[in-house]
Amino acid sequence: MKPASWYMMMLIVGFFYVYLTAVQYIRGEEIGDLPDNYLPQFDPAYFDEDLINPDTNLEFDYHNYDAMTNFLRKMSATYTNLTALYSIGKSVQGRDLWVMVVSSSPYEHIVGQPNVKYVANMHGNEAVGREMLLHLIEHLAKNYATDDYIKWLLDNTRIHIMPSMNPDGFEVAKEGTCQGGVGRYNARGFDLNRNFPDYFKQNNKRSQPETEAVKQWVSKIQFVISANLHGGALVASYPFDNSPNTIFQQFDSTPSLTPDDDVFKHLSSMYSFNHETMHLGLPCKPGAPTFTNGTTNGAAWYPLTGGMQDYNYVWHGNMDITIEMSCCKYPPAEELPKFWSDNQKALVHFFGEVHRGVRGFVKDEYNQPIEGASIKIKGRDVGFQTTKYGEYWRVLLPGRYTIEVYAEDFEHQVQSFNVVETNPTLLNITMYRISLGPSALPSRPSEPSPSASSGDRRQDFQRPAYVGGPNQPQGSAPPRSQGGITGILSSIQSGISNVFSLL
């Protein structure tokens, strides 16, 4: 062999070795700056013979952590143009909290396109949702080219799917166990759906790694609507999950309603009526509660402190509901085909509801996006904020509304608009800087009265107090008028709620 050829061959082999080493290093790494640092689009661990076969379907069986991870990796390796796998962190025992993006643009956020999410298996022994989401990932990817609705959905929406928020709990849960708490909690014995900051009461439970990972996740990606999949009942539950009322709330079924109650009822009904039987509101067993239209306000069913859906709504403006998918928490695997048949349409069509209401951009007079502008819909005092691109979205039902936008050092803006049934309203907002002195540029065509001082004008345009945002303090909900004992009984109420949830 000639020396030149030998050197060239060594160079090629060396380059290929460095490439494989680098890819192996990246594989499975946690996401640092969401949503850029995904797993590689090509994973050399999966060659053609190990990819997902488009002609065969995922088996209806329960998948432990290793099997679930293997399936997700194979999906991302097979459908590189539609899926992207990333981890938001690790469980107590070091298992990845996997999330799969399913979208026609899985590796890149398209400006103006809304993000939505499903989270399942928050309670490790509530296993149906975990399997439903694995089948949903497969269903969306395999039918993108042939199903017009799925193609439209993936072309216009970024779907994030977390099959298991509590993989440690699932590993110790037992198939066929319909009630009880084995596997419900994380590896430290904490209920993850009692572990988030709470709007109504101070939640002093030590925050867990899984909870912290989700909090970081939702702070980096602005999700517009989402659902959390549970088991143990058959109902779609919506915020608020908690109430400022006392222990007696546990027994009088008083609703605790959000300012967006009409939208939450619509989203919950959208799921229940697309489900084969949920909308019937039938009880799971004699003496169990019935639910009109298969939906309920969370606190009216039973109140709880530290729930994830209230946190998503109040702290991040995400309209999150809870889907209780099965009367039995961990039913036999032979029942999974029926659960998929019952839930398939609802799981797909729920996310289509993000494409209603109002959306747009908030920019300054030089067409630059304003990040973190505070927005609320007049009469609905739970606010939300713009992204770094100035984007915003809000799901609303048809009607006439007024939007109020506030940003530091800008004059606040108020505009009215209409929402129709057929498509979302596009409403872009231009903000004008407050002029603080004679040298400042004009802030907008119509200036306030010259008699107003700079200090007065700055005060005029400060953001008024309303609920919501990353800095919302715990336990800050205004008290409601109520009789009986208060204060100390709230902790007793929380304990009773935990018992109810195990039944």
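Nothing here was measured: the structure is a model prediction, and the numbers come from that model.

Participant: Hey, could you run me through the overall build of the chain in this one?
Facilitator: Scanning the chain from terminus to terminus reveals 13 helices and 16 strands. With 503 residues in all, the chain has 54% of them scored as buried. A sequence separation of at least 24 residues applies to 75% of the contacts in the chain between residues at least 6 apart. Accessible surface computed for the chain: about 21,700 Å², of which carbon and sulfur atoms make up 54%.

Participant: Help me understand the state of the cysteines in this model?
Facilitator: Formally, a disulfide is one covalent bond, and it connects the sulfur atom of one cysteine to the sulfur atom of another. Counted by the stated rule, this structure contains two disulfides. One disulfide bridge connects Cys178 with Cys328, the sulfur atoms lying 2.1 Å from each other. Taking the torsion about the S-S bond as the criterion, the Cys178 to Cys328 disulfide, at about -90°, is left-handed. With Cys178 in the loop between helix H5 (167-172) and helix H6 (209-220) and Cys328 in the loop between strand S8 (319-326) and helix H11 (336-350), the pair connects residues that are 150 residues apart, well separated along the chain. Across the disulfide, Cys284 is cross-linked to Cys327 (sulfur-sulfur distance 2.1 Å).

Participant: Help me understand the sheet that holds strand S7 (residues 295-297), please; the structure alone is not making it clear to me.
Facilitator: Working definition: the strands of a sheet are paired by backbone hydrogen bonds and lie parallel or antiparallel to each other. Strand order in the open sheet formed by eight strands is S1-S2-S4-S3-S5-S8-S6-S7, with mixed pairing between adjacent strands. Of all the strands in the sheet, the pair left with one neighbour each is strand S1 (83-90) and S7. On average, each strand axis in the sheet is inclined to that of its neighbour by 25°, with strand direction left out of account. The sheet contact formed by strand S6 (residues 233-238) and S8 spans five bridges and is antiparallel. For Leu234, the partnering residue across the bridge sits in S8 and is Met325. Along the sheet, H6 contacts S1, strand S2 (96-102), strand S3 (115-120), strand S4 (158-162) and strand S5 (223-230); its crossing angle with S1, the most-contacted strand, is approximately 130°. The sheet strands contacting helix H8 (residues 261-274) are S3, S5, S6, S7 and S8, and the helix crosses S8 at an angle near 30°.

Participant: What am I meant to see in the pairing of S6 here?
Facilitator: Along any regular strand the residues' side chains alternate between the sheet's two faces. The buried count for S6 comes to six of six residues, which makes it a mostly enclosed element. Side-chain alternation along S6 places Ala233, Val235 and Ser237 on one buried face and Leu234, Ala236 and Tyr238 on a second face that is also buried. With three bridges connecting them, S6 and S7 associate as parallel partners. Opposite Ser237, over in S7, you have Thr296 as the bridge partner.

Participant: Honestly, the nonpolar core in this entry has me stumped. Any pointers?
Facilitator: As a rule of thumb, soluble globular proteins bury nonpolar side chains together. Tyr118, Trp217 and Ile225 are the most contacted members of the largest nonpolar core, which totals 112 residues. For this core, the element with the highest residue contribution is helix H3 (residues 128-143), accounting for eight residues.

Participant: I would appreciate a short explanation of the environment of Asn274 in the present structure.
Facilitator: Mapped onto the elements of the fold, Asn274 is located in helix H8. Judged by its relative accessible area of 14%, Asn274 is buried. Separated by 73 residues in the primary sequence, Asn274 and Leu347 place their C-alpha atoms 8.5 Å from one another. A distance of 2.7 Å separates a polar atom in the side chain of Asn274 from the backbone oxygen of Met270.

Participant: For this particular structure, what's the right way to read the confidence of the model for the chain?
Facilitator: The predicted coordinates of low-pLDDT regions are not to be read in fine detail. Residues with a pLDDT of 70 or more make up 77% of the chain, whose mean pLDDT is 84. In this model, residues 16-34 is a region of pLDDT below 50 whose contacts with residues beyond four sequence positions or in other chains number 33 contacts. Ignoring residues within four places in sequence, the model shows residues 438-464, a span with pLDDT below 50, making 34 contacts including any to other chains.

Participant: Would you mind showing me how to read the packing of H3 against H11 here?
Facilitator: Think of two packed helices as two axes; the pair is described by the angle between the axes and how far apart they sit. In contact at an axis separation of 10 Å, H3 and H11 are set at 60° when each is read in the N-to-C sense. As judged from the angle between their axes, H3 and H11 are oblique. Crossing hand, H3 versus H11: right-handed. Taken together, the residues of H11 that come into contact with H3 (itself represented by Val128, Glu131, Met132, His135, Leu136, His139 and Leu140) are Leu336, Phe339, Trp340, Gln344, Leu347 and Val348.

Participant: How should the pattern of salt bridges be read in this particular structure?
Facilitator: Pairing is possible between side chains of opposite charge, provided their charged atoms come close. Enumeration according to the criterion identifies 19 salt bridges in this entry. Residue Glu126 is joined to Lys329 by a salt bridge in which the shortest nitrogen-to-oxygen separation is 3.0 Å. Here Lys329 lies in the loop between S8 and H11 and Glu126 lies in the loop between S3 and H3, a separation of 203 residues in the sequence. Of the two residues, Glu126 and Lys329, both sit in the buried class.

Participant: Explanation requested: the pairing of strand S14 (residues 413-419) in the structure shown.
Facilitator: Pairing between strand S13 (residues 399-406) and S14: seven bridges, direction antiparallel. When the bridges of S14 are listed, Glu404 appears paired with Val414.

Participant: Just to check I follow, could you spell out the packing of aromatic side chains for this structure?
Facilitator: The geometry of an aromatic ring pair comes down to the distance between the two centres and the angle between the two planes. Tallied over the entire structure, the rule returns 18 aromatic pairs. Summarising the aromatic geometry, the rings of Phe200 and Phe240 are spaced 5.0 Å apart at their centres and angled 85° between planes, so their arrangement reads as edge-to-face. With a gap of 40 residues between them, Phe200 in the loop between H5 and H6 and Phe240 in the loop between S6 and helix H7 (249-252) connect regions that are remote in the sequence. You can call Phe200 buried: its relative accessible area is 8%. Exposure remark for Phe240: the relative accessible area of 4% places this residue in the buried category. When the centroid spacing of 5.3 Å and the interplanar angle of 75° are considered together, the rings of Phe291 and Trp301 count as edge-to-face. Taken as a pair, Phe291 in the loop between H8 and S7 and Trp301 in helix H9 (residues 298-301) lie far apart in primary sequence, ten residues in all. An aromatic cluster of at least three residues, connected via ring pairs, comprises Tyr199, Phe200, Phe240, Phe264 and Tyr313. Across the ring face of Phe170, the terminal group of Arg130 is positioned such that the distance to the ring centre comes to 3.7 Å. Directly above the aromatic system of Phe361 lies the positively charged group of Lys363, at a separation of 5.3 Å from the ring centroid.

Participant: What exactly am I supposed to notice about unusual backbone geometry here?
Facilitator: Trans is the common state for peptide bonds, and a negative phi is the common state for residues other than glycine. Looking along the chain, the bond that leaves Pro239 and enters Phe240 is cis, with omega of 0°. In the Ramachandran plot, Asn121 falls in the positive-phi region, its phi being about 60° despite a non-glycine side chain. Tracing the backbone through its elements, the reader meets Asn121 in the loop between S3 and H3. Of note, Asn293 is a non-glycine position whose phi angle comes to about 60°, a positive value. When you line up the elements, Asn293 lands in the loop between H8 and S7. For Asn293, a relative accessible area of 37% puts it in the partly exposed group.

Rules and cut-offs
- Residues numbered from 1 in each chain as written.
- Predicted model: local features only at pLDDT ≥ 70, side-chain atom pairs only at ≥ 80, totals over all residues.
- Heavy atoms only, no water.
- Helix = DSSP H or I, 4+ residues; strand = E, 2+ residues; numbered from the N terminus.
- Buried < 20%, exposed > 50% of the residue type's maximum accessible area, 1.4 Å probe, protein only.
- Contact = heavy atoms within 4.5 Å.
- Areas by Shrake-Rupley, 256 points an atom, 1.4 Å probe, with all protein chains shown as cover.
- Disulfide = S-S within 2.5 Å.
- Pairing = 2+ DSSP bridges.
- Axes fitted to C-alpha atoms, helices over the stretch in contact; angles between N-to-C directions.
- Core = buried A, V, L, I, M, F, W, Y, C linked by side-chain atoms within 4.5 Å.
- Polar contact = N/O pair within 3.5 Å; in protein donor to acceptor, adjacent residues only side chain to side chain.
- pLDDT = per-residue confidence, 0-100.
- Parallel < 35°, antiparallel > 145°, perpendicular 65-115°, else oblique.
- Left-handed = near helix turned anticlockwise from the far one by under 90°.
- Salt bridge = Lys/Arg side-chain N within 4 Å of Asp/Glu carboxyl O.
- Phe/Tyr/Trp six-rings, centres within 6.5 Å; stacked < 30°, edge-to-face > 60°.
- Lys NZ or Arg CZ within 6 Å of the ring centre and 35° of its normal.

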